[in-house]
Amino acid sequence: MRIQKLLVAAALASVVASPSFAQTAEKYQELSEQLVAEASGAMTSEQAKEAQALYERALVANPANIDALIGLGKAHEAQGRVGSGLKYYRKALELEPNDKNALEYQALAFLKRNLRARAESNRDKLASLCTDGCKELEAVASAIEEYSARKADASLQSEG
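Residues numbered from 1 in each chain as written. Predicted model: local features only at pLDDT ≥ 70, side-chain atom pairs only at ≥ 80, totals over all residues. Heavy atoms only, no water.

1. Regarding the overall build of the protein chain
Here is step 1 of the chain: What the protein chain contains, in helices and strands, is 8 helices and 0 strands.
Here is step 2 of the chain: Of the regular secondary structure in the protein chain, the N- to C-terminal order runs α-α-α-α-α-α-α-α.
Here is step 3 of the chain: Within the span of the protein chain, comprising 160 residues, buried residues form 34% of the whole.
Here is step 4 of the chain: Considering only residue pairs separated by 6 or more positions, the protein chain has 47% of its internal contacts joining residues 24 or more positions apart.
Here is step 5 of the chain: Of the roughly 10,000 Å² of accessible surface on the protein chain, a fraction of 53% belongs to carbon and sulfur atoms. (Helix = DSSP H or I, 4+ residues; strand = E, 2+ residues; numbered from the N terminus. Buried < 20%, exposed > 50% of the residue type's maximum accessible area, 1.4 Å probe, protein only. Contact = heavy atoms within 4.5 Å. Areas by Shrake-Rupley, 256 points an atom, 1.4 Å probe, with all protein chains shown as cover.)

Next up, the structure:
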């Protein structure tokens, strides 16, 4: 029994190490990137359902495609499903904890859910990643400022 397990492991290792396996993996990565590009075009055309389907196909081709995970989050948000969007941003950050785009979109979704402290946490992480500044940090900081101003206005109106 032990010899069979060793033989299976050796066979699997030789398949994974073979050039044809690497070429197949590369083809799937390229397909995944192509599907993400098509999905991004669909999002630009405000076709979130079509984009969602393309992003899902991109993930089937390459489950580690961060751009597909982020795009899927954006597609869900565009269809009014902020919670589902947050799920995909979290998955992207599990694969790449310092992905600036995932941190940005997750922070913006947090604000939609009135989770300011969590958005601020993402802003602080972006600030540590972008010591010279970056567009993602600027977008999150601006969104937090706008959120705070809206909350302050709402508070004043409820008092008056």
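So that's the structure; there's more coming.
2. Some thoughts on the state of the cysteines
Here is step 1 of the chain: Enumeration over the complete set of coordinates arrives at 1 disulfide.
Here is step 2 of the chain: A sulfur-sulfur distance of 2.1 Å marks the disulfide that ties Cys-130 to Cys-134. Measuring the twist about the S-S bond at about 70°, one finds the Cys-130-Cys-134 disulfide to be right-handed.
Here is step 3 of the chain: Of the residues examined, Cys-130 reaches a relative accessible area of 6% and is grouped as buried.
Here is step 4 of the chain: Classification of Cys-134 as buried rests on a relative accessible area of 11%. (Disulfide = S-S within 2.5 Å.)

3. A look at the packing of aromatic side chains
The way to describe two aromatic rings as a pair is by their centre distance and the angle between their planes.
Here is step 1 of the chain: The final tally for this structure, using the stated rule, is 1 aromatic pair.
Here is step 2 of the chain: For the pair Tyr-89 and Tyr-105, a centre-to-centre distance of 6.2 Å together with 25° between the ring planes defines the contact as stacked. Here Tyr-105 lies in helix α6 (residues 100-112) and Tyr-89 lies in helix α5 (residues 82-95), a separation of 16 residues in the sequence.
Here is step 3 of the chain: Looking at Tyr-89, the relative accessible area reads 0%, which means it is buried. (Phe/Tyr/Trp six-rings, centres within 6.5 Å; stacked < 30°, edge-to-face > 60°.)

4. Side note on the pattern of salt bridges
Here is step 1 of the chain: Tallying each qualifying case throughout the model produces 5 salt bridges.
Here is step 2 of the chain: Between Asp-124 and Arg-123 there is a salt bridge whose closest N-O contact spans 3.2 Å. (Salt bridge = Lys/Arg side-chain N within 4 Å of Asp/Glu carboxyl O.)

5. Here's the deal with helix α8 (residues 135-159)
Here is step 1 of the chain: The end-to-end C-alpha distance of α8 is 36 Å, a good match for the 36 Å that 25 residues give at a rise of 1.5 Å each.
Here is step 2 of the chain: Within α8 the residues assigned to the buried category are Glu-136, Leu-137, Val-140, Ala-143, Ile-144 and Tyr-147.
Here is step 3 of the chain: Looking at the buried positions of α8, the neighbouring elements they touch are α6 and α7 (116-129). (Expected span 1.5 Å × (residues − 1).)

6. Observations regarding helix α3 (residues 48-61)
Here is step 1 of the chain: With 14 residues, α3 extends 20 Å between its outermost C-alpha atoms, agreeing within 8% with the 20 Å of an ideal straight helix rising 1.5 Å per residue.
Here is step 2 of the chain: Within the span of α3, buried status applies to Ala-48, Ala-51, Gln-52, Leu-54, Tyr-55, Ala-58, Leu-59 and Ala-61.

7. Some remarks on a negative patch on the surface
Here is step 1 of the chain: A surface patch of negative charge is lined by Glu-26, Glu-30, Glu-33 and Asp-67.
Here is step 2 of the chain: Per-element accounting of the negative patch gives the leading share, 3 residues, to helix α2 (residues 19-44).
Here is step 3 of the chain: Relative to the assigned elements, Glu-33 resides in helix α2. (Patch = residues over 30% accessible without salt bridge, like charges linked within 9 Å, V, L, I, M, F, W, Y side chains within 5 Å. Lys, Arg positive; Asp, Glu negative; His and termini not counted. Charge placed at Lys NZ, Arg CZ, Asp CG, Glu CD.)

8. Quick notes on the packing of α6 against α7
Here is step 1 of the chain: Running from amino to carboxyl end, α6 crosses α7 at an angle of 160°, the nearest separation of the two axes being 8 Å. If you check the angle between α6 and α7, you find them roughly antiparallel. Judged by the twist between their axes, the crossing of α6 over α7 is left-handed. Across from Lys-100, Leu-103, Glu-104, Gln-106, Ala-107, Phe-110 and Leu-111 in α6, the residues of α7 making contact are Arg-116, Arg-118, Ala-119, Asn-122, Lys-125, Leu-126 and Leu-129. (Axes fitted to C-alpha atoms, helices over the stretch in contact; angles between N-to-C directions. Parallel < 35°, antiparallel > 145°, perpendicular 65-115°, else oblique. Left-handed = near helix turned anticlockwise from the far one by under 90°.)

Nothing here speaks to function; it is all geometry.
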